[in-house]
Amino acid sequence: MPMLEIKNLHVTVDGKQILNGLDLVVNKGEVHAIMGPNGSGKSTLAYVMAGKDGYQPTQGEIRLDGENLLDLQPDERAAKGLFLAFQYPLEIPGVATMTFLRTALNAQRKKRGLVELSTPEFLKTVRAAAAHLEIDTDMLRRGVNVGFSGGEKKRNEILQMALLEPRLAVLDETDSGLDIDALKIVSEGVNRLRSPDRSFVVITHYQRLLNHIVPDVVQVLSRGRIVKTGGKELALELEATGYAQYQDEAA
Amino acid sequence: MNANVLSAKTEAELTLAKAYASAKPNLPGDRKIQALREAAFRHFDAQGLPHRRIEEWKYTDLRTLMHDAKPLAGAPSAASRAQAKNAGQLLAAMDARRIVFIDGAFVPELSDLSGLEKGLTIRSMHDALAGGDALITAHFGKVVPSDGDGAIALNTALMTDGALVRVAAGSTVERPVLLVFTASGDKPASVFSRSLVVIEQDARAMLVESHEYKNAYQVNAVLELVVGNEAHVDHVKIFGGVGDAVHISSMMASIGTRARFNDFSFITGGAVVRNQIFMRFDGEGALAGIRGASLLKGKQHADNTLVLDHKVGGCQSREVFKTVLDDESRGVFQGKIIVRPDAQKTDAKMMTQALLLSEDAEADNKPELEIFADDVQCGHGATTGALDEDLKFYLMARGIPEKEAEALLVQAFVGEAIEGIEHAGLRDALLGQVASWLSARV
Ligand SMILES: Nc1ncnc2c1ncn2[C@@H]1O[C@H](COP(=O)(O)OP(=O)(O)OP(=O)(O)O)[C@@H](O)[C@H]1O
Ligand SMILES: [Mg+2]
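Here the structure is a predicted model, which is why all the values come from computation and not from measurement.

Describe the interface of chain A and chain B, listing the residues and the values that go with them.
Facing the 32 residues of chain A at the interface are 17 residues of chain B. Roughly 1900 Å² of surface becomes buried between chain A and chain B when both sides are summed, with 71% attributable to carbon and sulfur atoms. Seen at the junction of chain A and chain B, the total is two salt bridges. A salt bridge links arginine 398 of chain B to glutamate 157 of chain A; its shortest N-O distance comes to 2.8 Å. At seven residues, helix H3 (residues 97-111) of chain A tops the list of elements feeding residues into the side of chain A that touches chain B. Considering only residue class, the side of chain A that touches chain B consists of 18 nonpolar, eight polar and six charged.

Next comes the structure, spelled out in structure tokens:
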């Protein structure tokens, strides 16, 4: 059984059709890169997978390990092992990052029938994960993402992913806004988590990221559907030719 | 003509007038106090309970909200004294000096009066009114004139007991003084409590009032507070308890030169709450922070009304009021800042925010700035809105269930006001109460 199977997915936002019959299969342990022009529906795909309100699936299904995600609340999807690294991580003043991480981790453990982590265990886990990503633990006392730079917010997303250990992670332009060093740190963070049991969907505009996180499959998304599937060399090809030919095909 | 006036009276007003007539001979106070009572009663009798045609009471019409008046509370029974042993438990971690009142009456045997810090005096208001006290002569009814407020007049007419607290010049009282007001029994009564607190020059003290009433009690509580020159005072009033009490609270505070005053109102209990604060800067260079948080559900109605008078210049005031409204509750905030002609270099900022957790809840907000000086910084801001759906989604996408996500956001919202409380133990106690209010929602 594939880890992720999306069939004939149609999604409207504010009455506007954004995804039109999207199909995507991601097997266990695979890394898929999704590339495509601005406005083609990449973030829409990420949001509808995570269950954001207002992203209305009108046809089709999304299965994670065979289970239809569309019937589940966002928190239930997360507990099933889905993680979305946001293109624009939000700031939550007044909710300390530590409290947020701990609440999230324990909520997921609870749903999976595991005991909550004790404070020392939790702190140890966070400190180790933060150190890998070169995140100063002082920052974690602040409100979630409050006063974080663009790059720090992206790193914080990867920290959350490392703690929550999802089965399937969708990274929506996690590379945008990162400097060269941060790009390496974040990529290493992702690569550390790669395993035969974990899959990734990496949305990006830049081939550069794919030098660090080498994909098994590259998918081209245009006008709400996958229009081309290839190996990692497809990303290089796109770099040279752009999306013009695929936009015609999708039309 | 008389008949006309009478026929316009509500049942509650008639009952209160009768209660005053029969209680009058036994109410504490010398001639002067009796004269004050009489004048206050005549004022009440002419005006009636505050109602919506009086501008300041527009949103909280006591004539319609108080269907009847409960009988005046009597002396607390032995059983109620035994019951009140554990009153104020929620604040146990504060290590405060606990002073207990049952139905407004001071209960010395339940109060911690041992080893009073140097400079601290605590007395029953009943005894002070009955036997006289220099503080009464100096300050009673004079701290900030109430301009004929009907609720305060009714309190003056019927007041029975309360606290008289003094902190002498230069004294620091380390332990917070906790006044716990509790109800005696299951039979609702009317309570008219009256307190006077005088913190003299250069003194330091923290005063916490916890009002823990139940069922249909009707409470009219007045506090007059004098913050002396260069004094540093924290005052916190907790409107707790359960049931559908009516709680009318008035605080009049005068702030001296270069004093620091921090006030916090925390409202979770009561069917109808009116929390009115009249504060006046009487000396230059003082700082005051007036903050509050209200958490309302069911059909609760809470009205925070502030009148801040910058009578002199160079003072700074900060107001932050947060209201969380669930179900069909209603929150009112009225904030008036007056800057008198001589109050140059005034710096006053007021912020009020309402968070609606239900479509049936309502928040009313009326800020007013009356500025008569030209070299001032004054501003106010107000927001009313629901929880941010995008933030909620972000939290839920991390596996946090909806109610818990909402709880985190609500805690963050009220936390912003509660963080202003300097005393860590009290801050934690209030955050704990917010958490239990939220967990009761789930
Ligand atoms: N709330 C909305 N109402 C109407 N249209 C919307 C709404 N949200 C998104 N869209 C539209 O949906 C389309 C797809 O947007 P989406 O964010 O998924 O694109 P994307 O592929 O992620 O683009 P980018 O590369 O710029 O991040 C766009 O045309 C966008 O304008
Ligand atoms: Mg996008």
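Quick one: what's the story with helix H1 (residues 42-50) of chain A, residue by residue and with numbers?
Counting buried residues along H1 of chain A, nine of its nine residues qualify, which places the element largely inside the surrounding structure. Among the residues making up H1 of chain A, those that are buried are Lys42, Ser43, Thr44, Leu45, Ala46, Tyr47, Val48, Met49 and Ala50 of chain A.

Break down the site of ligand 1 for me, with residues and values.
Residue and element names in this part refer to chain A. Of all residues adjacent to ligand 1, which total 15 residues, the nearest are Gly39, Lys42, Ser43, Thr44 and His205. With respect to ligand 1, the side chain of lysine 16 contributes an N or O atom lying 3.5 Å from an oxygen atom. The contact in question runs from an oxygen atom of ligand 1 to an N or O atom on the side chain of glutamine 87, over 3.2 Å. Calculation on ligand 1 without its partners gives an accessible area of 640 Å², and the protein chains cover 67% of this total. Counting residues per element, the ones that place at least two in the shell around ligand 1 are strand S2 (16-26) and H1. Looking at the shell around ligand 1, its residues break down into three nonpolar, eight polar and four charged.

How would you sum up the packing of aromatic side chains? Please name residues and give values.
Following the criterion strictly, the structure yields 12 aromatic pairs over all chains and no others. Through a chain of ring-to-ring contacts, three or more aromatic side chains come together here, namely Tyr47, Tyr55, Phe86 and Phe100 of chain A together with Phe393 and Tyr394 of chain B.

Tell me about the environment of cysteine 315 of chain B, residues and numbers included.
Residues and elements named next belong to chain B. By the secondary structure assignment, cysteine 315 is in the loop between strand S14 (301-310) and strand S15 (316-325). Using a relative accessible area of 1% as the deciding quantity, one classes cysteine 315 as buried. When the C-alpha atoms of cysteine 315 and threonine 346 are compared, they prove to be 5.3 Å apart, with 31 residues separating the residues in sequence. Ignoring anything within four residues of it in the chain, the contact list for cysteine 315 reads Phe281, Gly283, Glu284, Gly285, Ala286, His310, Lys345, Thr346 and Asp347.

So what about the coordination of the magnesium ion (ligand 2)? Which residues, and what values?
Residues and elements named next belong to chain A. For the magnesium ion (ligand 2), the protein coordination sphere consists of Ser43 (OG) and Gln87 (OE1), at 2.0 to 2.3 Å. With serine 43 in helix H1 and glutamine 87 in the loop between strand S6 (82-85) and strand S7 (92-96), this pair connects stretches of sequence that are 44 residues apart. Glutamine 87 matches serine 43 in its accessibility class, with the two residues each being buried.

Describe the packing of helix H10 (residues 402-418) of chain B against helix H11 (residues 424-439) of chain B, naming the residues involved and giving the relevant values.
Residue and element names in this part refer to chain B. At a minimum axis distance of 10 Å, the contact between H10 and H11 shows a crossing angle of 150 degrees. In terms of orientation, H10 lies roughly antiparallel with respect to H11. Pair H10 / H11 crosses with right-handed handedness. Facing Ala407, Val410, Gln411, Val414, Gly415 and Ile418 of H10, the residues of H11 in contact are Arg427, Leu430, Leu431, Val434, Ala435 and Leu438. Partitioning the contact of H10 with H11 into residue classes produces nine nonpolar, two polar and one charged.

Kindly report on the sheet that holds strand S17 (residues 347-356) of chain B, identifying the contributing residues and their values.
Residue and element names in this part refer to chain B. Within the open sheet, the 10 strands sit side by side as S2-S1-S5-S7-S9-S11-S13-S15-S17-S19. Their pairing is mixed. Whereas interior strands pair on both sides, the edge strands pair on one side only; in this sheet they are strand S2 (105-106) and strand S19 (377-386). Of the strand pairs in this sheet, strand S1 (residues 97-102) and S2 are connected by two bridges, and their pairing is antiparallel. Along S2, the bridge assignment pairs phenylalanine 101 with phenylalanine 106.

I'd like to hear about the environment of valine 115 of chain A, residue by residue, with values.
All names here are of chain A. Inspection of the secondary structure assignment puts valine 115 in the loop between H3 and helix H4 (119-132). Accessibility expressed as a relative area gives 63% for valine 115, which makes it exposed. With 104 residues separating them in the primary sequence, valine 115 and glutamine 219 have C-alpha atoms 39 Å apart.

Quick one: what's the story with a negative patch on the surface, residue by residue and with numbers?
Where like charges cluster on the molecular surface, the negative patch consists of Glu134, Asp179, Asp181 and Glu188 of chain A. Here glutamate 134 of chain A shows up in the loop between H4 and strand S8 (143-144).

Explain the state of the cysteines residue by residue, including any values.
Using the criterion set out here, one finds zero disulfides over all chains in the structure. Take cysteine 315 of chain B: it sits in no disulfide, and the sulfur closest to it among the cysteines is that of cysteine 378 of chain B, at 12 Å.

Tell me about the pairing of S15 of chain B, residues and numbers included.
Regular strands place their side chains on alternate faces of the sheet. Residue and element names in this part refer to chain B. Burial of S15 is extensive: seven of the 10 residues sit out of reach of the surface. As judged from the 10 bridges shared by strand S13 (residues 287-296) and S15, these two strands associate in the parallel manner. From the neighbouring strand, serine 294 faces S15, where its bridge partner is threonine 323.

Break down the side chain of serine 265 of chain B for me, with residues and values.
All names here are of chain B. Along the polypeptide, serine 265 turns up in strand S11 (residues 260-267). Classification of serine 265 as buried rests on a relative accessible area of 2%. Among all residues touching serine 265, those that are not within four sequence positions of it are Lys237, Phe239, Asn275, Ile277, Arg291, Gly292, Ala293 and Asn304.

Lay out the pattern of salt bridges in plain terms, naming residues and giving numbers.
Residue and element names in this part refer to chain B. Summed over all chains, the structure comprises 44 salt bridges over all chains. Salt-bridge contacts for lysine 392 lead to glutamate 402; the nearest nitrogen and oxygen are separated by 2.9 Å. With lysine 392 in helix H9 (residues 389-396) and glutamate 402 in helix H10, this pair connects stretches of sequence that are 10 residues apart. One salt bridge connects arginine 441 with glutamate 406, and the closest N-O pair in it is separated by 2.9 Å. With a gap of 35 residues between them, arginine 441 in the segment after H11 and glutamate 406 in helix H10 connect regions that are remote in the sequence. Residue arginine 441 shares its accessibility class with glutamate 406, and that shared class is buried.

Which residues make up the pairing of S17 of chain B, and what are the values?
All names here are of chain B. The element S17 is extensively covered by neighbouring structure, given that seven of its 10 residues are classed as buried. By the bridge criterion, 10 bridges tie S15 to S17 in an arrangement that is parallel. In the sheet register, glutamine 316 faces S17, and the bridge partner there is aspartate 347. As defined by bridge partners, S17 adjoins S19 across 10 bridges and the pair is classed as parallel. Following the sheet pairing, methionine 350 is matched in S19 by histidine 380.

Describe the sheet that holds strand S18 (residues 362-371) of chain B, listing the residues and the values that go with them.
Residues and elements named next belong to chain B. Reading across from one edge, S3-S4-S6-S8-S10-S12-S14-S16-S18 is the order of the nine strands in this open sheet, with mixed pairing throughout. Where the open sheet ends on each side, the last strands, each with one partner, are strand S3 (120-124) and S18. Within the sheet, the average angular offset between the axes of one strand and its neighbour, ignoring direction, is 10 degrees. As defined by bridge partners, strand S12 (residues 272-281) adjoins S14 across 10 bridges and the pair is classed as parallel. Bridging from a neighbouring strand, methionine 279 pairs with leucine 308 of S14. Contacting strand S6 (190-199), strand S8 (218-227), strand S10 (246-255) and S12, helix H8 (residues 150-158) crosses the sheet at an angle of about 95 degrees to S6.

Procedures and definitions
Residues numbered from 1 in each chain as written. Chains lettered and ligands numbered in written order. Predicted model: local features only at pLDDT ≥ 70, side-chain atom pairs only at ≥ 80, totals over all residues. Heavy atoms only, no water. Contact = heavy atoms within 4.5 Å. Buried area = accessible area lost by both parts, 1.4 Å probe. Salt bridge = Lys/Arg side-chain N within 4 Å of Asp/Glu carboxyl O. Helix = DSSP H or I, 4+ residues; strand = E, 2+ residues; numbered from the N terminus. Nonpolar A, V, L, I, M, F, W, Y, C, P; charged D, E, K, R; others polar. Buried < 20%, exposed > 50% of the residue type's maximum accessible area, 1.4 Å probe, protein only. Near = heavy atom within 4 Å. Polar contact = N/O pair within 3.5 Å; in protein donor to acceptor, adjacent residues only side chain to side chain. Areas by Shrake-Rupley, 256 points an atom, 1.4 Å probe, with all protein chains shown as cover. Phe/Tyr/Trp six-rings, centres within 6.5 Å; stacked < 30°, edge-to-face > 60°. Donors = N, O, S within 2.8 Å, 3.2 Å for Na, K, Ca; no water. Axes fitted to C-alpha atoms, helices over the stretch in contact; angles between N-to-C directions. Parallel < 35°, antiparallel > 145°, perpendicular 65-115°, else oblique. Left-handed = near helix turned anticlockwise from the far one by under 90°. Pairing = 2+ DSSP bridges. Patch = residues over 30% accessible without salt bridge, like charges linked within 9 Å, V, L, I, M, F, W, Y side chains within 5 Å. Lys, Arg positive; Asp, Glu negative; His and termini not counted. Charge placed at Lys NZ, Arg CZ, Asp CG, Glu CD. Disulfide = S-S within 2.5 Å.

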